[in-house]
Amino acid sequence: MSMTLYVILSLSDVPNTDSLNELSKKLNVPVYYSENVDFTKHTGFLPVKLNDEDSGVETYMSPLSEFSDYFPSFDSSTYQEPVVITFRWGGDMNEMIVALNSAYLIGCEKESIVFEPQGGTFLTNEQVKEGAVAMSNGI
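Residues numbered from 1 in each chain as written. Predicted model: local features only at pLDDT ≥ 70, side-chain atom pairs only at ≥ 80, totals over all residues. Heavy atoms only, no water.

Before going further, it helps to examine unusual backbone geometry. You will see that Asn28, though not glycine, has its phi angle at about 60°, which is positive. In this fold, Asn28 is placed in the loop between α1 (17-27) and β2 (31-33). Taking the relative accessible area as the measure of exposure, Asn28 reaches 69% and is therefore exposed. Even without a glycine there, the phi angle at Asp52 is positive, about 70°. You can see Asp52 is positioned in the loop between β3 (44-50) and β4 (53-63). (Helix = DSSP H or I, 4+ residues; strand = E, 2+ residues; numbered from the N terminus. Buried < 20%, exposed > 50% of the residue type's maximum accessible area, 1.4 Å probe, protein only.)

Now the structure itself:
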């Protein structure tokens, strides 16, 4: 079963993985992106180390307009050229933890919002962090 998590932010705020690695180290988040990837140009599997173990997550980026019928109504006016970074994973719990931590890191320094479609809810960055910690600790 495939699961997804969506991060909505301004195009100008889309990070590369080198900047996320710096933030991850600073905040003691257990993910390390194996290569420098620009999310605006990357499509597909992204290798990531989770607590020094090989893992990863599929990533895709699209304009928010492609999701106009998918997300519940929300005010996107705070985002310049809004885009969506999609994190997708299968049944692997480590890949879900990578996705949650990645979404959390993106929201730490940039204005973003996360949509969790399984529950149909928008999450604050603090809620995403709590989810990542809970999953890492085996709930």
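Don't stop here, the text continues.
Counted at 1.5 Å a residue, the expected span for helix α3 (residues 125-136) with its twelve residues is 16 Å, and the 17 Å between its end C-alpha atoms agrees. Turning to α3, its buried residues number three or more, namely Val128, Ala132 and Met135. One face of α3 carries all of its buried residues, which in axial projection span an arc of 70°. One or two residues past the end of α3 sits Gly138, with phi positive at roughly 70°. (Expected span 1.5 Å × (residues − 1). Arc of directions from axis to C-beta.)

So, on to the sheet that holds strand β6 (residues 112-116). A sheet is described by the order of its strands in space; here seven strands give the open sequence β2-β3-β4-β5-β1-β6-β7, paired in antiparallel fashion. At either end of the open sheet lies a strand with only one pairing partner, and these are β2 and β7 (121-123). Going across the sheet, the axis of each strand differs from the next one's by a mean of 35°, ignoring polarity. In this structure, β6 lies alongside β7, joined through three bridges in antiparallel fashion. By the bridge assignment for β7, Val114 is matched with Leu123. Its contacts with the sheet place α1 against β2 and β3, and it is angled at close to 155° to β2. (Pairing = 2+ DSSP bridges. Axes fitted to C-alpha atoms, helices over the stretch in contact; angles between N-to-C directions. Contact = heavy atoms within 4.5 Å.)

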